[in-house]
Protein chains: 2
Amino acid sequence: MNTDADNFAQLLKNNGVSVTTARRAIFHTLRDADEPLKNGEIARRTPTVDRASVYRTLELFARLGITETVMRGWTPYTELAEPFTPHHHHIICENCGKVVEIENDTLEDVLNLVASRYDFALQKHVVELSGLCADCRAKTTRQAA
Amino acid sequence: MNTDADNFAQLLKNNGVSVTTARRAIFHTLRDADEPLKNGEIARRTPTVDRASVYRTLELFARLGITETVMRGWTPYTELAEPFTPHHHHIICENCGKVVEIENDTLEDVLNLVASRYDFALQKHVVELSGLCADCRAKTTRQAA
DNA sequence: AATAAAATTGCGACAACATTGCAATTATTA
DNA sequence: TAATAATTGCAATGTTGTCGCAATTTTATT
Ligand SMILES: [Mn+2]
Ligand SMILES: [Mn+2]
Ligand SMILES: [Zn+2]
Ligand SMILES: [Zn+2]
């Protein structure tokens, strides 16, 4: 049986880069978070690693596909990707900030279809939805009355 | 007949904010661009307006739905939205950087469906695809041979 | 286990990006 | 056109991301 940490180390080796304590530390920060984090927040939660190294590492992780980065408002958020988290997207409540993970095969299929219609071989995609959750809708409706 | 500039002024009035030269200038910069721009680039292309005001204005525009902001790499890009541009998304070639605009109703439908499945009333969505365009695929294949 | 070579890190300085309070200016309303 | 309210520029400051280089850590080799 393989732990995530083992797979992570293996992945680094396969790509010919060193397995270091800094990289492990940042990986753990990401592992512990249950939501995408701002890059600065990753640095803050990994005080043993210098900020410059955090950025270099996040760039490496992104290049190796260990992480994905999405935009919210004007801020990039990073979280673990495919090998360490099932592929998913997010829908965020504009009112209360609640974040729900989305998994939907039809959506994935349509994205591939669209790409091929424009003669592209799809490699990556970003999908971020936002709106009002059921709770907030209920509250808002009540207020309006 | 209504020009975009008229509609823009009207939209501001409807929302109870002033129609100013600074706002018009930034709107024109966006109007003239044929691609999403980095926020700093918007400031550079609108030298008559102070950078601080540019940011305040972009925030206002985003709030009123005049613009949309999408993330590329770790950088936010802004462009005009719905009332001033037909709703669309982008697919970008990872190799040559070519940007193609996407319009696809099925995609829009699926997004709404997915949102409602998670009990959200969809208000906004970000979709950005990337991969290899036909040209770059052809070149790459040839090289591999 | 010890060593040499290579890769990564931290440091410190810096540049770019973004935000803020407030006085001066401009837009709106009457 | 005068009074009021909203917006702007300015200038200072915070935040985020980048870079070169010497010190440290990792890896490969013995
Ligand atoms: Mn997907
Ligand atoms: Mn859409
Ligand atoms: Zn909510
Ligand atoms: Zn291409």
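Here goes a summary of the coordinates provided.

Calculation notes
- Residues numbered from 1 in each chain as written.
- Chains lettered and ligands numbered in written order.
- Predicted model: local features only at pLDDT ≥ 70, side-chain atom pairs only at ≥ 80, totals over all residues.
- Heavy atoms only, no water.
- Donors = N, O, S within 2.8 Å, 3.2 Å for Na, K, Ca; no water.
- Buried < 20%, exposed > 50% of the residue type's maximum accessible area, 1.4 Å probe, protein only.
- 1 Å grid on protein atoms, 1.4 Å probe; cavity = no way out; pocket = protein on both sides within 12 Å on 5 of 7 lines; lining within 4 Å.
- Points joined across faces, edges and corners; volume = space filled by probe spheres on them.
- Helix = DSSP H or I, 4+ residues; strand = E, 2+ residues; numbered from the N terminus.
- Nonpolar A, V, L, I, M, F, W, Y, C, P; charged D, E, K, R; others polar.
- Domains from an automatic or database assignment.
- Near = heavy atom within 4 Å.
- Polar contact = N/O pair within 3.5 Å; in protein donor to acceptor, adjacent residues only side chain to side chain.

1. Observations regarding the coordination of the zinc ion (ligand 3)
Residue and element names in this part refer to chain A.
Piece 1. Those donors, Cys93 (SG), Cys96 (SG), Cys133 (SG) and Cys136 (SG), are the protein atoms that reach the zinc ion (ligand 3), and they lie 2.2 to 2.4 Å from it.
Piece 2. The motif formed by the donor residues of the zinc ion (ligand 3), counted along the single chain, is C-x2-C-x36-C-x2-C.
Piece 3. Overall, the relative accessible area of 44% leaves Cys96 in the partly exposed class.

2. Observations regarding empty space enclosed by the protein
All names here are of chain B.
Piece 1. Within the structure shown, the criterion is met by 4 cavities of 30 Å³ or more.
Piece 2. Of the pockets and cavities examined, the largest cavity occupies roughly 70 Å³.
Piece 3. For the lining of the largest cavity, the secondary-structure elements that each account for two or more residues are strand E2 (67-72), strand E4 (89-93) and strand E6 (120-133).
Piece 4. Ranked by residue count, the leading element in the lining of the largest cavity is E6, at 4 residues.
Piece 5. When the residues that make up the lining of the largest cavity are grouped by side-chain class, the tally is 3 nonpolar, 4 polar and 3 charged.
Piece 6. Both domains that meet at the lining of the largest cavity, namely domain 1 (1-85) and domain 2 (87-145), each give it at least three residues.

3. Side note on the protein's contact with DNA strand C
Piece 1. Around DNA strand C sit 20 residues in total, of which Thr20, Ser53 and Arg56 of chain A together with Arg51 and Tyr55 of chain B are the nearest.
Piece 2. A share of 67% of the atoms of DNA strand C within 4 Å of the protein falls on sugar and phosphate groups.
Piece 3. Here a phosphate oxygen of DNA strand C and a backbone polar atom of Thr48 of chain A are 3.2 Å apart.
Piece 4. Between DNA strand C and Val19 of chain B there is a distance of 3.0 Å, counted from a phosphate oxygen to a backbone nitrogen or oxygen.
Piece 5. Elements with a contribution of two residues or more to the surface near DNA strand C: helix H2 (21-32) and helix H4 (51-64) of chain A together with helix H4 (51-64) of chain B.
Piece 6. No other element matches H4 of chain B, which puts 4 residues into the surface near DNA strand C.
Piece 7. When the residues that make up the surface near DNA strand C are grouped by side-chain class, the tally is 7 nonpolar, 8 polar and 5 charged.

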